[in-house]
Protein chains: 2
Amino acid sequence: MSELRWTKTEKIVAKRAFEKCYQQECEAILTKLKEKIATADKPSDIWLIHDFLTEELKKIEDKYDYRYSILILVFARLLKEGWLQVSDLDGIEKDKIEKITYLGRYNKNKIE
Amino acid sequence: MSELRWTKTEKIVAKRAFEKCYQQECEAILTKLKEKIATADKPSDIWLIHDFLTEELKKIEDKYDYRYSILILVFARLLKEGWLQVSDLDGIEKDKIEKITYLGRYNKNKIE
């Protein structure tokens with residue numbers, strides 16, 4: 001996978017798609033956090049909130065690794081999890097998108 | 001300090017005072033947390049919130065150590081920080097209270 005070359009245009013598209021997913025996922029964490037805090041009413045809830053946040057941020061840090069050598073795998077995961085849409089990749093060559101959708105076990109027929 | 005004996009009544013009073021402080025301090029953390037979340041609007045804010053929570057819980061875990069051998073010191077700290085009131089200690093012998101207020105650099109004249 002590391003031999004893939006990314007053109008300047010593809011890099012711009014990829015970076016934008018990556019940032020969009022990151023932003024959306026962080027917003028989703030913030031929303032869940034607000035829900036948890038709204039119903040927190042005892043000291044032990046603070047520890048549960050902290051555990052939740054620690055776990056979510058660990059996942060984010062592991063997942064959002066912007067290196068071109070592994071970007072296909074990162075995008076495949078984001079696609080599978082629903083943060084990325086195939087349309088976010090417009091401008092990236094077909095071969096790369098096919099790798100992403102294949103690795104993401106994505107059923108393209110659902111959106112085409 | 002470890003040679004101090006706590007009577008059954010004193011233990012009941014001490015435990016209640018300790019729990020009150022713990023409860024209040026956890027509620028204060030929850031309130032600060034809600035304020036921080038209300039103004040959070042970008043991904044990096046989640047990390048700041050997590051850092052805040054990690055630090056606050058570490059302080060709580062260090063501070064709320066209920067062992068009779070160090071309880072005078074724990075109460076002195078809670079008094080100094082404003083979580084404990086001298087009146088919370090009604091039922092505990094004068095000598096212990098004097099140690100707590102002295103160690104807490106507490107000006108008794110202010111409330112007497």
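For the structure itself, look to the data block above.
Quick look at the structure, then. (Residues numbered from 1 in each chain as written. Chains lettered and ligands numbered in written order. Predicted model: local features only at pLDDT ≥ 70, side-chain atom pairs only at ≥ 80, totals over all residues. Heavy atoms only, no water.)

Some details on helix α4 (residues 94-103) of chain A
Residue and element names in this part refer to chain A.
At step 1: Listed as buried for α4 are K96, I97, I100 and T101. The buried side chains of α4 occupy one side of the element, clustering within an arc of 130° when seen end-on. Exposed side chains of α4 directed beyond 90 degrees from the buried face belong to K94 and Y102.
At step 2: Downstream of α4 by a residue or two, R105 has a phi angle that is positive, lying close to 50°. (Buried < 20%, exposed > 50% of the residue type's maximum accessible area, 1.4 Å probe, protein only. Helix = DSSP H or I, 4+ residues; strand = E, 2+ residues; numbered from the N terminus. Arc of directions from axis to C-beta.)

Regarding the environment of A:K36
All names here are of chain A.
At step 1: One can find K36 in helix α1 (residues 8-38).
At step 2: On the basis of relative accessible area, K36 is assigned to the partly exposed category, the value being 35%.
At step 3: For K36 and F52, which are 16 residues apart along the polypeptide, the C-alpha to C-alpha distance reads 9.4 Å.
At step 4: Excluding its chain neighbours within four sequence positions, the residues that come into contact with K36 are I49 and F52. (Contact = heavy atoms within 4.5 Å.)

Describing the nonpolar core
At step 1: Counting 68 residues, the largest nonpolar core has A:L33, A:F75, B:L33 and B:F75 as its most contacted members.
At step 2: For this core, the secondary-structure elements that each account for two or more residues are α1, α2 (43-63), α3 (71-80) and α4 of chain A together with α1 (8-38), α2 (43-63), α3 (71-81) and α4 (94-103) of chain B.
At step 3: Sequence-distant contacts of B:F75, that is, excluding residues within four places in its chain, are made with B:W6, B:A14, B:A17, B:F18, B:L84, B:L89 and B:I100. (Core = buried A, V, L, I, M, F, W, Y, C linked by side-chain atoms within 4.5 Å.)

Things to note about the relation of the copies chain B and chain A
At step 1: Least-squares fitting of chain B to chain A yields an RMSD of 0.1 Å, with the superposition described by an axial translation of 0.0 Å and a rotation of 179°. Between the two chains, the operation in question is that of a two-fold axis. For chain B, the residue whose C-alpha comes nearest the rotation axis is B:H50, separated from it by 3.5 Å.
At step 2: Counting the interface residues of chain B, we find that 100% of their copies in chain A are interface residues as well, pointing to one common contact surface. (Least-squares fit on C-alpha atoms with pLDDT ≥ 70 in both.)

Some remarks on α1(B)
At step 1: Over its 31 residues, α1(B) extends 45 Å from the first C-alpha to the last, a length consistent with the 45 Å expected when each residue adds 1.5 Å.
At step 2: Those residues of α1(B) that fall on the buried side of the exposure criterion are B:E10, B:V13, B:A14, B:A17, B:F18, B:C21, B:E25, B:C26, B:I29, B:L30, B:L33 and B:I37.
At step 3: Among the structural elements, α1 and α2 of chain A together with α2, α3 and α4 of chain B are those in contact with the buried residues of α1(B). (Expected span 1.5 Å × (residues − 1).)

Regarding the pattern of salt bridges
When the charged atoms of two side chains lie near each other, side chains of opposite charge can form a pair.
Residues and elements named next belong to chain A.
At step 1: Under the defined criterion, the tally for this structure stands at 26 salt bridges over all chains.
At step 2: For K63, the salt bridge goes to E25, with nearest N and O atoms at 2.8 Å. Residue K63 is found in helix α2, and its partner E25 is found in helix α1; the two are separated by 38 residues along the sequence. No difference in accessibility class separates K63 from E25, as the two residues are buried.
At step 3: The partner of K99 in a salt bridge is D95, with the nearest N and O atoms 2.9 Å apart. Here D95 and K99 lie together in helix α4, a separation of four residues that amounts to about one turn.
At step 4: Judged by its relative accessible area of 28%, K99 falls in the partly exposed class.
At step 5: One salt-bridge network, held together by shared partners, links E25, K63, R77 and E81. (Salt bridge = Lys/Arg side-chain N within 4 Å of Asp/Glu carboxyl O.)

Distances and angles like these do not, on their own, reveal function.
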